[in-house]
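Residue-level structural notes
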Amino acid sequence: MKPLVSAVRVGKSFGSVKALEDVTLDVMPTEVVCVIGPSGSGKTTFLRCINQLERIDAGAIWLDGELTGYRIVGDALHPLSEAEIAKQRRITGMVFQRFNLFPHMTALQNVTEGPIQVLKKPPQEARASAMALLERVGLSHKANVYPAELSGGQQQRVAIARSLAMQPKLMLFDEPTSALDAELVGEVLGVMRDLAQTGMTMIVVTHELGFAREVSDRVVFMDEGRVIEIDAPERLMKEPREARTRNFLKAVLSRS
Amino acid sequence: MEEVDVARLRHLRPRHYGRMTAVVVTLLLLALLVDAFARGKIDWSTTGEYLFWPTILQGLVNTIWVSIACMAIGIIIGVLCAVARGSPNPVLRSAALFYAWFFRGTPVILQLLIWFNLALVFPRIGIPGLFDFRTVDVITPAVATLLGLGLNEGAYVSEIVRAGLISVDRGQYEASKSIGMSYWLSLRRIILPQAMRVVVPPLGNEFIALLKITSLASIIGFSDILRNAQDIYYTNAKVIELLMVAAFWYLVVVSVLSVFQAMLENRFGRGFASSATR
């Protein structure tokens, strides 16, 4: 089986700051991978590089067998046009830490916007499948409500439905519960758990170690822009091989 | 503490003596004003007579269509310039900056005169082999007004739109990209509609100002309502009466615009207004 995501020796710098260095990771179809690590470790940057919100400046990322962001001509990498990049982005869906719902649209309009405007689906059909998605995240009764009237947890669930409406092959979650009040974290993790069970391939940047342990197939520990350790969740959390992983886990677990 | 029957106590309302004095003075001044104009040498019946005079109405129509056309030109140029100002390309950024600098930095009346006298610089305009005209035939007072006020308006609108674009959260660009939208599609569907919430109030203000500024075009011979009112009082000497006619129509149009602006603000406040009132 071919990997859905194949990142090879990826590097990214912001000015003189190296955000990512030599990151290599394969993610197989239906696999759920959680990325953990201290803040500033490059987890979020890595996620943003996968769907090209950031342009990488070393290495390469293949998505579903296709090189992202560049075309190989001879031994040079030619950057793709904005339109081509926009097309490649459709393979992935992204859920943001701060939801980023469109505030001037209702929950339903948020979900139908991509299918109607980008995929050119007939509005009737788009609305029907959007309602099914809202049903799936438990919010069909909030279809005609604006985001400002929803709780954080509800907004994030609408955001998940909005991403799913584009029928992505890969879902990226960027700390999806970090901006939520403690009592709302569960409902979002529940939706993500259901999604994982349907066989969706997912990369989740998270601080929820319990979720990582329970749902993910593998856990990646990153620090200072590098992948330090990749392992099955049980092993990585019970018997980490690297000192840095141990220190991080100790710090996180002692807090709770 | 002495014995008080709380149930029997009455709560008196505070008295605003300063405010009451101000009300009395205001009413007095208003009465004096009305009295002065009633007894002053204004022939109100003449004002009434000219209110619907054909040349006055023709001037009103000219004022309105030129305002709308100039605003349309201004909005198109303004949006393009605002987008250019946010471009990563330094040439586009500087060009937009220079445009705003030039047109905001010189008086409108001067710009109108330059456009109207363009024939002095370029006697003929055209593309060799395609078309060729005498500039004086092309640049009529109306065309000079459209160019002058439209381009000037674009400079101001670009600043307003730029502020609107900046007010939209960066996450909105990223979210629209993440559902596969191109830059222009996300601008049209996601960013501009949200920017409009911030843009509409100053833009309405700008339109009202523009409507009145069109009266400046009378100096290059454009027949707006003020110009036509003047033409009439040059012959019959009813100066104030005809200025009152023009004032009346300006007030009518501005009132209609204000209603229209309130409707637009409601429209673009969707998703924001509802949360604020709750």
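To be clear, the structure that these remarks concern was listed above.
The following paragraphs examine the structure supplied in this document.

What counts, and at which threshold
Residues numbered from 1 in each chain as written. Chains lettered and ligands numbered in written order. Predicted model: local features only at pLDDT ≥ 70, side-chain atom pairs only at ≥ 80, totals over all residues. Heavy atoms only, no water. Helix = DSSP H or I, 4+ residues; strand = E, 2+ residues; numbered from the N terminus. Rg over C-alpha atoms; globule rule 2.2 N^0.38 Å. Areas by Shrake-Rupley, 256 points an atom, 1.4 Å probe, with all protein chains shown as cover. Lys, Arg positive; Asp, Glu negative; His and termini not counted. Charge placed at Lys NZ, Arg CZ, Asp CG, Glu CD. Buried < 20%, exposed > 50% of the residue type's maximum accessible area, 1.4 Å probe, protein only. Contact = heavy atoms within 4.5 Å. Buried area = accessible area lost by both parts, 1.4 Å probe. Salt bridge = Lys/Arg side-chain N within 4 Å of Asp/Glu carboxyl O. Polar contact = N/O pair within 3.5 Å; in protein donor to acceptor, adjacent residues only side chain to side chain. 1 Å grid on protein atoms, 1.4 Å probe; cavity = no way out; pocket = protein on both sides within 12 Å on 5 of 7 lines; lining within 4 Å. Points joined across faces, edges and corners; volume = space filled by probe spheres on them. Nonpolar A, V, L, I, M, F, W, Y, C, P; charged D, E, K, R; others polar. Core = buried A, V, L, I, M, F, W, Y, C linked by side-chain atoms within 4.5 Å. Axes fitted to C-alpha atoms, helices over the stretch in contact; angles between N-to-C directions. Parallel < 35°, antiparallel > 145°, perpendicular 65-115°, else oblique. Left-handed = near helix turned anticlockwise from the far one by under 90°. Pairing = 2+ DSSP bridges.

1. Points about the overall build of chain A
Scanning chain A from terminus to terminus reveals nine helices and twelve strands. Relative to the globule expectation of 18 Å for 256 residues, the C-alpha radius of gyration of chain A, 18 Å, shows essentially globular dimensions. In terms of its C-alpha atoms, chain A occupies a principal-axis envelope of roughly 55 × 50 × 35 Å. For chain A, the accessible surface area stands at approximately 11200 Å², while carbon and sulfur atoms represent 50% of it. Counting 31 positive and 31 negative side-chain charges, chain A places the centres of these two groups 2 Å from one another.

2. Re unusual backbone geometry
All names here are of chain A. Its identity as a non-glycine residue notwithstanding, Lys 120 has a phi of 60°, on the positive side. Not every positive phi belongs to a glycine, and Glu 224 is a case in point at roughly 50°. By secondary structure assignment, the location of Glu 224 is in the loop between β11 (218–223) and β12 (226–231). On the basis of relative accessibility, which here comes to 57%, the residue Glu 224 falls in the exposed class.

3. What to know about the interface of chain A and chain B
Counting residues at the interface gives 25 residues for chain A, matched by 24 residues for chain B. Buried surface at the junction of chain A and chain B, both sides included, amounts to about 2200 Å², of which 57% is carbon and sulfur. In this assembly, chain A and chain B are joined by three salt bridges. Here A:Arg48 and B:Glu174 are joined by a salt bridge, their closest N and O atoms 2.8 Å apart. At the junction of chain A and chain B, the tally comes to five residue pairs in polar contact (both at pLDDT 80 or more).

4. What about the layout of surface pockets?
Residue and element names in this part refer to chain B. The calculated volume of the largest pocket comes to roughly 750 Å³. The set of elements that each furnish at least two residues to the lining of the largest pocket consists of α3 (54–85), α7 (141–167), α8 (170–178) and α9 (183–213). A total of five residues in the lining of the largest pocket trace back to one element, the largest contributor, which is α3. Taken together, the residues of the lining of the largest pocket sort by class into 14 nonpolar, two polar and eight charged.

5. A closer look at the nonpolar core
Membership of the largest hydrophobic core comes to 81 residues, with the highest contact counts inside it found for A:Val5, A:Ile50, A:Ile61, A:Leu170, A:Ile203, B:Ile56 and B:Leu165. Here the element with the most residues in this core is α9(B); it accounts for eleven residues. Every residue in contact with B:Ile56, bar those within four places of it in the chain, is listed here: B:Tyr50, B:Leu51, B:Ile225, B:Ala229, B:Ile232, B:Leu242, B:Val245 and B:Trp249. A:Val95, A:Leu184, A:Leu195 and A:Val204 belong to the second-largest nonpolar core, a separate cluster that totals 49 residues.

6. Focus on the packing of helix α3 (residues 107–117) of chain A against helix α5 (residues 152–164) of chain A
Residue and element names in this part refer to chain A. Where α3 contacts α5, the two axes come as close as 8 Å, and the packing angle between them is 25°. Taken as axis vectors, α3 and α5 run roughly parallel relative to one another. Crossing hand, α3 versus α5: right-handed. Between α3 and α5, the residues in contact are Ala 107, Asn 110 and Val 111 and Val 158, Ala 161 and Arg 162, respectively. Split by residue class, the contact of α3 with α5 holds four nonpolar, one polar and one charged.

7. Quick look at the pattern of salt bridges
Considering all chains together, one arrives at 25 salt bridges over all chains under this definition. Two residues, A:Asp64 and A:Lys169, come together in a salt bridge whose shortest N-O distance is 2.5 Å. Remark: A:Lys169 occurs in the loop between α5 and β9 (170–174) and A:Asp64 occurs in the loop between β4 (58–63) and β5 (66–67); sequence separation between them is 105 residues. A relative accessible area of 35% means that A:Asp64 is categorised as partly exposed. A relative accessible area of 44% means that A:Lys169 is categorised as partly exposed. Between B:Asp132 and B:Arg124 there is a salt bridge; the shortest N-O distance is 2.9 Å. Members of the salt-bridge network, linked through shared partners, are A:Arg48, A:Glu54, B:Arg170 and B:Glu174.

8. Some thoughts on the sheet that holds β9(A)
All names here are of chain A. Read across the open sheet, the six strands follow the order β8-β9-β10-β3-β11-β12; overall the sheet is mixed. Looking at strand neighbours, the two that pair on one side only are β8 (92–95) and β12, the edges of this open sheet. Averaged over all pairs of adjacent strands, the angle between strand axes in this sheet comes to 20°, irrespective of strand direction. Sheet topology places β11 next to β12; five bridges connect them, and they run antiparallel. Along β12, the bridge assignment pairs Asp 223 with Arg 226.

9. Here's the deal with the sheet that holds strand β1 (residues 5–14) of chain A
Residues and elements named next belong to chain A. The four strands are arranged β2-β1-β4-β5 in an open sheet whose pairing can be described as antiparallel. The sheet terminates laterally at β2 (17–27) and β5, the two strands that pair on one side only. The pairing of β1 with β2 spans seven bridges and is antiparallel. Opposite Phe 14, over in β2, you have Val 17 as the bridge partner. The sheet contacts of helix α1 (residues 43–50) involve β1, β2 and β4, and relative to β2 the element is tilted by about 65°.

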